[in-house]
Amino acid sequence: MFEIKAKDMRGRVGVLKTKHGDVKTPALMPVIHPRKQEIDVKKYGADIVITNAYLIYKDEDLKQKAIDEGLHNLINFDGPVMTDSGSFQLSVYGDVDITNKEVIEYQEMIGTDIGTSLDIPTAPFVEREKAESDLEITIERAKEAVEFKKQNNIEMLLNSVVQGSTFMDLRQKCASELSKLDADLYPIGAVVPLMESYHYKELVDVVMNSMMYLPDNTARHLMGAGHPMVFALAVAMGCDLFDSAAYILYAEDDRLLSTRGTFKLENLQEMPCSCEVCSKYTPDDLRAMPKKERRDLIAQHNLHVSFAELRLIRQAIYEGSLMELVEERCRAHPALLDAVRQLKNYNENFEQYDPRSKKSAFFYTGPESLGRSEVLRHHDKLQEMPKKRDLIILPPSRKPYSKFISGKLGEFYVCGKRHDVHLDDSDFMVMDIPFGLIPLEIDELYPLSQNAAPKIWDSDSKDYLKTFLDEFAGEYEQVLIHPRIVRNLDLDLKDKVDDEIRYAKDDVKKLKAIADYQFGWGVGEALFKGNINVEKSKKTGKIRHIYDGKTLIVNMRASDSYLVLSKEGAKRLHAAASYPKNRVVVNKDSEPFALDGKSVFSKFVIECDENIRARDEVLIVNEEDKLLAYGKSLLSAVEINNFQTGQAIKTRKGFKK
Ligand code: GUN
Ligand code: ZN
């Protein structure tokens, strides 16, 4: 039902399959009013819409008409249609004239593509007892709906809505219970009051505490989210679907949506975008129009900006710049900035999903960028790294730093016990924003060179670098710090040394360090033994191929400097790192396919190294740890374990004799 095509953070570009066609996600479903709809949303970019089955059911004419002619004819839309169940009316009026079973049955009868059970949208910040008792009913009804679907062989896809108010343990519990049900889609409910009251920080908690317990291989819908200002944030957290009544409700009220917030027509001197409406009319033109004409034009603008934002988000996922977009969008309102700051609390989880390397560079957009999962990931690697005796800290230069460092590096301040400098027993690292300390040998690996930050350090960045220093300096006997760093961070150091400090570039040392960082400490020695030949690009001077004699061991990927295995490299890695490091274990059935060099599907994977991330080089082995093949992971470990469909590993070669 749902396939993932590209990912960034927890965000995905995917395809949702329905019997009325495929939908590219993230997608927006405009809300269609079954009786009053006047705007042709398809014309403005809608591939899927949502309407309310309960409103149809409650209307004597529509109720029968939908049964006779079908829902798609009733609302005049031939693409996929999702229906809601009356839960919203339940939350507003306290009661509805339909049972859970009846509404599921009715949705099936009228031919909806995706139906919804009668969940109870429990408002935020209610008493715990209320949230608990509502939740019990919501889960019960979801179970009833899924059972009903199974018993009657119903084709209609089914939503199971996550509730639990603002109690994080209840959200978690609900999501875990619902994921056992095998529902087709998982919406996150009762978030509208949070968004309307600008409780975006709480929105992050509610969404993340639901999301972390939902399966990754199904689509998630942020119910009632229709303001384009929050789309990027929600997508980064893993939301695939949005629905919008906002486009028409705001238009009724003479309000124009934008990613920067909402504009009231009465305050507009200039039209806010370049859509057809904004290009053709002035605010005065609109104000002079009859109400209905004006409303339709504003609704058209609202749909335009909403779909444009989703296109931009999908493009950002393809190129790997989703977080840059989120950070930009969340500057539209301080409450949204809180949301970005709150994301930091879930970084360990984001890190498990974020691809290892991306097409676009990491941009520092403000102190919030220091909390991104790429930074956390590098920090964790540095912590694990075996340390030399001394540390020499250099100031940033052009990137890659190692390329622009030569000759005597000047006088250094000393921090810690002073003794003779042993250059061979020293780690050379550049101190910079946003990655803190970057060992020179590995500085070409994504994103350590593929990033940009302002040269003027803000005070948050300085504090961050000082904490970094405190943490890592303690691991060395002597730390030598370049005067520019001492000055910029205002460090209280007095003793200067003028020993001859030079960084000696050494290709093999560098390759070993990269292999250690990429595959695990100690792998470098084992991978690059023998008569090592390094072949470089004539044009760029960058390392391209590494041989032992004439046997290729690895290639270095030009875009991110990660090492790409050859047959020999895979064998050496297999021998060097013990099970389960860098491994994906496949079952007996898929063994011949792997040996043959065919790609590995998720459902054949028995287990895998938990450190695998998308774009990693991996070994494909059987349960006896026999090396069958090697390839590039398309997913991270959590996703490989979670998915039952689709490719997990793009195999490079199999070891068939
Ligand atoms: N529309 C907006 N919020 C909700 C919700 O929590 N449940 C359902 N079924 N529909 C909604
Ligand atoms: Zn416009």
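From a predicted model like this one, the values you see are computed outputs, not experimental measurements.

Novice: Mind showing me how you'd approach the coordination of the zinc ion (ligand 2) here?
Specialist: Each donor-metal-donor angle would ideally measure 109.5 degrees in four-coordinate tetrahedral geometry, or 90 or 180 degrees in six-coordinate octahedral geometry. Taken together, Cys-273 (SG), Cys-275 (SG), Cys-278 (SG) and His-301 (ND1) make up the full set of protein donors to the zinc ion (ligand 2), lying 2.1 to 2.3 Å away. Around the zinc ion (ligand 2), the four donor atoms sit at angles spanning 101 to 117 degrees, and that spread fits a shape best called tetrahedral. By relative accessible area, Cys-273 is classed as partly exposed at 26%. Cys-275 sits in the buried class, given a relative accessible area of 3%.

Novice: Help me understand the sheet that holds strand 3 (residues 21–25), please; the structure alone is not making it clear to me.
Specialist: Hydrogen bonds between backbone groups are what pair the strands of a sheet, and the pairing can be parallel or antiparallel. Sheet architecture is open: three strands sit in the order 1-2-3, paired in antiparallel fashion. Of all the strands in the sheet, just strand 1 (2–8) and strand 3 have a single pairing partner and so form its edges. Neighbour-to-neighbour, the strand axes of this sheet turn through a mean angle of 15 degrees, independent of strand direction. Examined bridge by bridge, strand 1 and strand 2 (residues 11–18) share six bridges and lie antiparallel to one another. If you follow Ala-6 over to strand 2, its bridge partner there is Val-13.

Novice: Just to check I follow, could you spell out the pattern of salt bridges for this structure?
Specialist: For the structure shown, the criterion picks out 53 salt bridges. In this structure, the salt-bridge partner of Glu-38 is Lys-292, at a minimum N-O distance of 3.7 Å. On the criterion of sequence distance, the pair formed by Glu-38 in the loop between strand 4 (27–30) and strand 5 (49–52) and Lys-292 in helix 14 (residues 291–319) is long-range, its members being 254 residues apart. Taking relative accessible area as the criterion, Glu-38 reaches 47% and is therefore assigned partly exposed. Take Lys-292: its relative accessible area is 48%, and that puts it in the partly exposed class. Two residues, Asp-499 and Arg-418, come together in a salt bridge whose shortest N-O distance is 2.9 Å.

Novice: Is there a simple way to explain the side chain of Ser-369 in this structure?
Specialist: Along the chain, the position of Ser-369 falls in the loop between strand 14 (362–363) and helix 18 (373–384). A polar side-chain atom of Ser-369 sits 2.9 Å from the main-chain amide nitrogen of Thr-365.

Novice: Teacher, can you tell me more about the nonpolar core here?
Specialist: Looking at soluble globular proteins, one finds that nonpolar side chains tend to be buried together. Counting residues in hydrophobic clusters, the biggest one holds 108 residues, and the most contacted among them are Ile-393, Leu-394, Ile-481, Leu-527, Phe-528 and Leu-563. Ignoring sequence-local partners within four residues, the contact set of Phe-528 consists of Leu-511, Lys-512, Ala-515, Ile-546, Ile-553, Val-554 and Leu-563.

Quick notes on the rules
Residues numbered from 1 in each chain as written. Chains lettered and ligands numbered in written order. Predicted model: local features only at pLDDT ≥ 70, side-chain atom pairs only at ≥ 80, totals over all residues. Heavy atoms only, no water. Donors = N, O, S within 2.8 Å, 3.2 Å for Na, K, Ca; no water. Tetrahedral: all angles 85-135°; square planar, octahedral: opposite > 155°, others 65-115°. Buried < 20%, exposed > 50% of the residue type's maximum accessible area, 1.4 Å probe, protein only. Pairing = 2+ DSSP bridges. Helix = DSSP H or I, 4+ residues; strand = E, 2+ residues; numbered from the N terminus. Axes fitted to C-alpha atoms, helices over the stretch in contact; angles between N-to-C directions. Salt bridge = Lys/Arg side-chain N within 4 Å of Asp/Glu carboxyl O. Polar contact = N/O pair within 3.5 Å; in protein donor to acceptor, adjacent residues only side chain to side chain. Core = buried A, V, L, I, M, F, W, Y, C linked by side-chain atoms within 4.5 Å. Contact = heavy atoms within 4.5 Å.

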